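Spelled out from the first residue to the last, the chains are:
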Amino acid sequence: MKKIILTVASVVLFALVSTACSQRSKNPKIGVIQLVEHPALDASYKGFVDGLKEAGYVDGQNIDIDYENAQGDQSNCVTIADKLVSSKCDLIFAIATPAAQAVANRTDSIPILVTAVTDPKTAGLVVENDKPGTNVSGTSDLNPVTAQIGLIPKITPNAKKIAMLYCSSEENSVFQINMAKKECDKLGLTYQDATVSNTNEIQQVVQSLVGKVDAIYAPTDNMIASCMATVALVTNEAKIPVYCGETGMVESGGLCTYGLDYYELGKQTAPMAIDILKNGKKPADMPIEYLANCEFSYNKEVAELIGVTIPAELIK
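Residues numbered from 1 in each chain as written. Predicted model: local features only at pLDDT ≥ 70, side-chain atom pairs only at ≥ 80, totals over all residues. Heavy atoms only, no water.

*Asks:* Please clarify how empty space enclosed by the protein should be interpreted in this entry.
*Replies:* Sizing a probe to match a water molecule and rolling it over the atoms shows the empty space that remains. In total, this model carries 2 cavities of 30 Å³ or more according to the counting rule given. Estimated volume of the largest cavity: approximately 60 Å³. Split by residue class, the lining of the largest cavity holds 4 nonpolar, 4 polar and 3 charged. Roughly 30 Å³ of volume is contained in the second largest cavity. Around the second largest cavity sit Thr97, Val117, Thr118, Asp119, Thr122, Ala123, Glu171, Asn172 and Phe175, which together line it. Looking at the lining of the second largest cavity, its residues break down into 3 nonpolar, 4 polar and 2 charged. (1 Å grid on protein atoms, 1.4 Å probe; cavity = no way out; pocket = protein on both sides within 12 Å on 5 of 7 lines; lining within 4 Å. Points joined across faces, edges and corners; volume = space filled by probe spheres on them. Nonpolar A, V, L, I, M, F, W, Y, C, P; charged D, E, K, R; others polar.)

See below:
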């Protein structure tokens, strides 16, 4: 009798588990691959999740989100990309260029939405930004580089020698630096590259700039952004202003920026995901989107520490 009861109980338990699994499998599955932890990329992910939630799509209820962070390691990106593709996600959300490239190299059929990618075309993710023609679309974090460089003569008019601090292997950074150099040429500013290939080099490279440059420009570079506190340890002591590509870097010790709101950027990507999952839209036909507004922000403590006065017209 006990065997019969145990058998019946096992059958019932199996049925319940099978039913639960079946119900879970009905939810669209979104795989997320984020390159590294730092304020801008973290905000992008939060904005994306909140945007889905506001539209009625809640993780664990009617969608399932598998979030993975590569911790800044490209080999981890590849491993995570393989995992997300093999798990047959209905959509993959890739945050930052290396993460997007890793997953795009692994599938041409699963829809991919990217964010915090400066120029998807240059990164080889789409044919054209206004008509991707691939399984990739999303939102660009192309920031107002021209306006950012334009802050240098407005805030530190005596600054003539500018260091371009970035990771030379990040295509999005190279793209921005080329824009920055063109603007420096127009403004009569001289510049030099200060490139790094890994986080261990950052402090030494920045230290080497002390006494040689008047200011530093750091674009929306994932490696530099993730180690901005290390940069600030050197620059603030040496009283070197750092003009940044985004607000998170300013909060971590940079001087100022005209920056994007990465939370809003991630949130803007959410309706695109819904269009794909609910309405059957194809990324190939969805233009890359951009944020319309950028705002000036500065770090008051850093300005006071390095002896820089922010013009009143910039503070509104």
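*Asks:* Before we go on, may I ask you to explain the confidence of the model for the protein chain in this structure?
*Replies:* Summing up the model confidence of the protein chain, the mean pLDDT is 91 and the portion of residues at 70 or higher is 92%. Across residues 1-24, where pLDDT falls below 50, the model places 1 contact with residues more than four positions away in sequence or in other chains. (pLDDT = per-residue confidence, 0-100. Contact = heavy atoms within 4.5 Å.)

*Asks:* When you look at the side chain of serine 173 in this model, what are you seeing that I'm missing?
*Replies:* Assignment of secondary structure puts serine 173 in helix α6 (residues 171-187). When its relative accessible area of 0% is taken as the criterion, serine 173 is described as buried. Side chain to side chain, serine 173 and aspartate 221 meet in a polar contact 2.6 Å long. If sequence neighbours within four positions are ignored, serine 173 has contacts with Tyr166, Cys167, Pro219, Thr220 and Asp221. (Helix = DSSP H or I, 4+ residues; strand = E, 2+ residues; numbered from the N terminus. Buried < 20%, exposed > 50% of the residue type's maximum accessible area, 1.4 Å probe, protein only. Polar contact = N/O pair within 3.5 Å; in protein donor to acceptor, adjacent residues only side chain to side chain.)

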